[in-house]
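# Remarks on the overall topology
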Amino acid sequence: MLRNRKRIGLALGGGGGRGWAHLGVIRAIEEAGIPIHCIAGTSMGALVGGAFANGKVDALMKVATDLDWRHVLHYFLEFNLPRSGLVDGTRIVKLLHRHITPSNMEDASIPLRVVATDIQTGKEVVIAKGDMIEAIRASIAVPGILTPVARDGQILVDGGLVNPVPVSVARAMGADKVIAVDVNRQLVSGASAARDNATVSKAANRQNHGEAGRYKIINLINERISHADVRALSPVRRWITRRSTPSVFDIMGNTIRIIETELSAMLMEKHPPDILIQPDVGQIGFMDFHRAEEAIEAGYEAARRKLTRHAARH
């Protein structure tokens, strides 16, 4: 049984709005009575992992489920073109400070490692010490969307570029068994073919609701940048006004996701987890942070099924 092992590690991957599924996975793990001795997180996995390590999962779950498209718009309307990213991230950092108790990495209740990428060298950077909020902010800095973080002489961005699901980091922390969560395996375009008609209908209704919220976000972004007299914004304005195509945020986010999906498959062949949980959240877009309830439910159900099967075999 997992709970009888000396050390159990949790590796949480990136995925934008799909990353809220990690909260559901954690809920299932806690219900199963499985102790987690160390956490490795990339991007959204770092954010959720930080909350878990500080005993703030319930608070973060409330924040996530209270988000609507207006809140998402608030956190992502900090345009800084032409600079190193569309969004400065100041409001996101304030959100983290309010709901993840500021602390040093080494003071966390559960040992935590946050994965980032040094954009100047392309090397993986595993953050184990120092300001936890700063580390998380670096790990979620999707290139082109959030501005990079300067830390210890390095320029850091999203850790998904080098280690999307950091199983190897959890192993390096001394984990005997690793539970990994990958939220990027399902296609963005739709749900699993194995779903029955009722589930498909339910998912479609949710997706339509999510699309409506996304269009409102796009319209308000366009309204905001329409007042900016910056030539560099012209292509952005053209992109986001075409409703038949994804927003600039989705384009950038999905570009990273494509890279992460292929890379994580290769890395997990080299560093396979003992349990791999893959929530069915492919219908949730990168910027669909307002669909947290759906993502959390999917994460919970996927984890519950996988952990039940594992327990039955062992």
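About the criteria used
- Residues numbered from 1 in each chain as written.
- Predicted model: local features only at pLDDT ≥ 70, side-chain atom pairs only at ≥ 80, totals over all residues.
- Heavy atoms only, no water.
- Helix = DSSP H or I, 4+ residues; strand = E, 2+ residues; numbered from the N terminus.
- Core = buried A, V, L, I, M, F, W, Y, C linked by side-chain atoms within 4.5 Å.
- Buried < 20%, exposed > 50% of the residue type's maximum accessible area, 1.4 Å probe, protein only.
- Contact = heavy atoms within 4.5 Å.
- Salt bridge = Lys/Arg side-chain N within 4 Å of Asp/Glu carboxyl O.
- Phe/Tyr/Trp six-rings, centres within 6.5 Å; stacked < 30°, edge-to-face > 60°.
- Lys NZ or Arg CZ within 6 Å of the ring centre and 35° of its normal.
- Polar contact = N/O pair within 3.5 Å; in protein donor to acceptor, adjacent residues only side chain to side chain.
- Axes fitted to C-alpha atoms, helices over the stretch in contact; angles between N-to-C directions.
- Parallel < 35°, antiparallel > 145°, perpendicular 65-115°, else oblique.
- Left-handed = near helix turned anticlockwise from the far one by under 90°.
- Nonpolar A, V, L, I, M, F, W, Y, C, P; charged D, E, K, R; others polar.

Relative to the elements of secondary structure, Arg 304 occurs in helix α11 (residues 292–313). Taking the C-alpha atoms as reference points, Arg 304 and Gly 24, separated by 280 residues in sequence, lie 9.3 Å from one another.

Take the nonpolar core next. The nonpolar side chains of a soluble globular protein tend to be buried, and buried together. In this structure, Leu 10, Trp 20, Leu 23, Ile 36 and Ile 179 are the most contacted members of the largest nonpolar core, which totals 70 residues. When residues of this core are assigned to their parent elements, the largest contribution, eight residues, is made by α11. Ignoring sequence-local partners within four residues, the contact set of Leu 10 consists of Ile 26, Ile 29, Ile 36, Cys 38, Ile 39, Ala 40, Phe 52, Ile 179 and Val 181. With 14 residues, the next largest nonpolar core counts Val 115, Val 162, Val 169 and Ala 180 among its residues.

Where charged atoms from two side chains of opposite charge come close, those side chains can pair. Here the structure, examined in full by the defined rule, presents eight salt bridges. Put simply, Asp 66 and Lys 62 hold a salt bridge, and the shortest N to O gap is 2.8 Å. Placement of both Asp 66 and Lys 62 in helix α3 (residues 57–66) is noted, with a separation of four residues, approximately one turn of the helix. Two residues, Asp 274 and Arg 171, come together in a salt bridge whose shortest N-O distance is 3.0 Å. In this pair, Asp 274 is assigned in the loop between α10 (248–270) and β10 (275–277) and Arg 171 in helix α7 (residues 167–172), connecting sequence segments 103 residues apart. Linked through salt bridges whose partners overlap, the residues forming this network are Glu 134, Arg 151 and Asp 152.

Applying the stated criterion across every chain yields a total of zero aromatic pairs. Across the ring face of Tyr 300, the terminal group of Arg 27 is positioned such that the distance to the ring centre comes to 4.0 Å.

Another aspect to go through is the environment of Val 57. By secondary structure assignment, the location of Val 57 is in helix α3. Of the residues examined, Val 57 reaches a relative accessible area of 7% and is grouped as buried. Residues Val 57 and Arg 27, 30 residues apart in the sequence, show an inter-C-alpha distance of 8.8 Å. Beyond its immediate sequence surroundings of up to four residues, Val 57 is in contact with Leu 23, Ile 26, Ala 51 and Phe 52.

Moving on: helix α6 (residues 132–139). Among the eight residues of α6, seven are classified as buried, and the element is accordingly described as predominantly covered. Along α6, the positions that sit buried rather than exposed are Met 132, Ile 133, Ala 135, Ile 136, Arg 137, Ala 138 and Ser 139. If you check the start of α6, you find a side-chain oxygen 2.9 Å away from the backbone N of Ile 133, and it comes from Asp 131.

Moving on to the packing of helix α1 (residues 21–31) against α11. Packed helices, taken two at a time, are described by the angle their axes make and the gap between the axes. Packing of α1 against α11 leaves a shortest axis separation of 6 Å and a crossing angle of 40°. Taken together, the axis directions place α1 and α11 in an arrangement best described as oblique. As for the relative orientation of α1 and α11, their crossing is right-handed in sense. When α1 is examined against α11, the residues Ala 21, Leu 23, Gly 24, Val 25, Arg 27, Ala 28, Ile 29 and Glu 31 are found in contact with a partner set consisting of Ala 295, Ile 296, Gly 299, Tyr 300, Ala 303, Arg 304 and Leu 307. In the contact of α1 with α11, the residues fall into ten nonpolar, two polar and three charged.

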